Amino acid sequence: MPLDLSQPHPELLLELVTQRMPYGKYKDRLVCDVPMHYLEWMQRQGFPKGKLGILLETMYVIQLNGLVYLLDPLKRKK
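Residues numbered from 1 in each chain as written. Predicted model: local features only at pLDDT ≥ 70, side-chain atom pairs only at ≥ 80, totals over all residues. Heavy atoms only, no water.

## Here's the deal with the nonpolar core
Within soluble globular proteins, side chains that are nonpolar generally end up buried alongside one another.
Here comes step 1: Counting residues in hydrophobic clusters, the biggest one holds 23 residues, and the most contacted among them are Leu16, Val31, Leu39, Leu56, Met59 and Leu71.
Here comes step 2: For this core, the secondary-structure elements that each account for two or more residues are helix 1 (11-16), helix 2 (36-45) and helix 3 (50-64).
Here comes step 3: Broken down by element, this core gets its largest block of residues, 7 residues, from helix 3.
Here comes step 4: Once residues within four sequence positions are removed from consideration, Leu16 is found in contact with Leu30, Val31, Cys32, Leu55, Thr58, Met59, Ile62 and Leu71. (Core = buried A, V, L, I, M, F, W, Y, C linked by side-chain atoms within 4.5 Å. Buried < 20%, exposed > 50% of the residue type's maximum accessible area, 1.4 Å probe, protein only. Helix = DSSP H or I, 4+ residues; strand = E, 2+ residues; numbered from the N terminus. Contact = heavy atoms within 4.5 Å.)

This is the structure:
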(Lines give C-alpha, C1' and ligand atoms only; values in the text may rest on other atoms or scores of the structure.)
Protein backbone atom coordinates (compact mmCIF):
# COMPACT_ATOMS: atom_id res chain seq x y z
CA MET A 1 0.00 0.00 0.00
CA PRO A 2 1.55 3.35 -0.99
CA LEU A 3 2.18 6.01 1.61
CA ASP A 4 -0.22 8.94 1.68
CA LEU A 5 2.36 11.73 1.64
CA SER A 6 -0.26 14.35 2.47
CA GLN A 7 -0.20 13.00 6.04
CA PRO A 8 2.72 12.97 8.52
CA HIS A 9 4.50 9.67 9.02
CA PRO A 10 6.70 9.80 12.15
CA GLU A 11 7.81 6.20 11.53
CA LEU A 12 9.80 7.53 8.55
CA LEU A 13 12.11 9.33 10.97
CA LEU A 14 12.87 6.06 12.75
CA GLU A 15 13.57 4.39 9.43
CA LEU A 16 16.07 7.13 8.54
CA VAL A 17 18.25 6.04 11.47
CA THR A 18 17.82 2.28 10.94
CA GLN A 19 17.55 1.66 7.18
CA ARG A 20 20.78 1.15 5.27
CA MET A 21 21.49 2.08 1.68
CA PRO A 22 21.10 -1.11 -0.36
CA TYR A 23 23.43 -0.11 -3.22
CA GLY A 24 25.84 2.46 -4.61
CA LYS A 25 28.84 4.28 -3.24
CA TYR A 26 27.25 4.52 0.20
CA LYS A 27 25.99 0.93 0.37
CA ASP A 28 25.43 -0.25 3.97
CA ARG A 29 25.48 3.30 5.37
CA LEU A 30 22.44 4.44 7.30
CA VAL A 31 20.23 6.72 5.22
CA CYS A 32 20.70 9.45 7.83
CA ASP A 33 24.48 9.28 7.24
CA VAL A 34 24.40 9.66 3.46
CA PRO A 35 26.25 12.92 2.66
CA MET A 36 24.38 15.93 1.36
CA HIS A 37 26.29 16.06 -1.93
CA TYR A 38 25.00 12.57 -2.76
CA LEU A 39 21.44 13.54 -1.81
CA GLU A 40 21.74 16.64 -4.01
CA TRP A 41 22.92 14.48 -6.89
CA MET A 42 20.02 12.08 -6.36
CA GLN A 43 17.60 14.99 -6.24
CA ARG A 44 18.87 16.20 -9.63
CA GLN A 45 18.73 12.66 -11.10
CA GLY A 46 15.39 11.84 -9.53
CA PHE A 47 14.97 9.88 -6.32
CA PRO A 48 14.27 6.18 -6.79
CA LYS A 49 10.70 4.97 -6.64
CA GLY A 50 9.27 3.39 -3.53
CA LYS A 51 10.17 3.56 0.12
CA LEU A 52 13.89 4.16 -0.41
CA GLY A 53 13.15 7.19 -2.57
CA ILE A 54 10.82 8.58 0.07
CA LEU A 55 13.48 8.10 2.75
CA LEU A 56 16.22 9.73 0.66
CA GLU A 57 14.01 12.66 -0.26
CA THR A 58 13.00 13.09 3.38
CA MET A 59 16.67 13.08 4.40
CA TYR A 60 17.43 15.62 1.66
CA VAL A 61 14.74 17.98 2.98
CA ILE A 62 15.92 17.50 6.57
CA GLN A 63 19.52 18.33 5.64
CA LEU A 64 18.51 21.18 3.34
CA ASN A 65 16.65 22.84 6.19
CA GLY A 66 19.33 22.24 8.83
CA LEU A 67 17.18 19.88 10.87
CA VAL A 68 19.57 16.93 11.19
CA TYR A 69 19.79 17.51 14.94
CA LEU A 70 16.20 16.28 15.22
CA LEU A 71 17.42 12.76 14.45
CA ASP A 72 19.97 12.70 17.31
CA PRO A 73 17.54 11.41 19.97
CA LEU A 74 16.38 8.69 17.58
CA LYS A 75 19.97 7.61 16.88
CA ARG A 76 20.57 7.18 20.61
CA LYS A 77 17.43 5.04 21.00
CA LYS A 78 18.40 2.36 18.53
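## A look at the environment of Glu40
Here comes step 1: Its place among the elements puts Glu40 in helix 2.
Here comes step 2: The class for Glu40 is partly exposed, based on a relative accessible area of 32%.
Here comes step 3: Put simply, Glu40 and Tyr60 are 20 residues apart on the chain and 7.2 Å apart in space, counted from C-alpha to C-alpha.

## Observations concerning the packing of aromatic side chains
Here comes step 1: Applying the stated criterion to the full structure yields 3 aromatic pairs.
Here comes step 2: Taken together, the ring pairs in this structure connect Tyr26, Tyr38 and Trp41 into an aromatic cluster. (Phe/Tyr/Trp six-rings, centres within 6.5 Å; stacked < 30°, edge-to-face > 60°.)

## A word on unusual backbone geometry
Here comes step 1: With a phi close to 75°, Asp28 is a non-glycine residue in the positive phi region.
Here comes step 2: Within the element layout of this structure, Asp28 appears in the loop between helix 1 and helix 2.

## Considering a nonpolar patch on the surface
Here comes step 1: Taken together, the side chains of Leu67, Tyr69 and Leu70 define a hydrophobic patch exposed on the protein surface, amounting to about 290 Å² of accessible area.
Here comes step 2: Locating Tyr69 in the fold gives a position in the loop between helix 3 and helix 4 (72-77). (Patch = residues over 30% accessible without salt bridge, like charges linked within 9 Å, V, L, I, M, F, W, Y side chains within 5 Å. Areas by Shrake-Rupley, 256 points an atom, 1.4 Å probe, with all protein chains shown as cover. Salt bridge = Lys/Arg side-chain N within 4 Å of Asp/Glu carboxyl O.)

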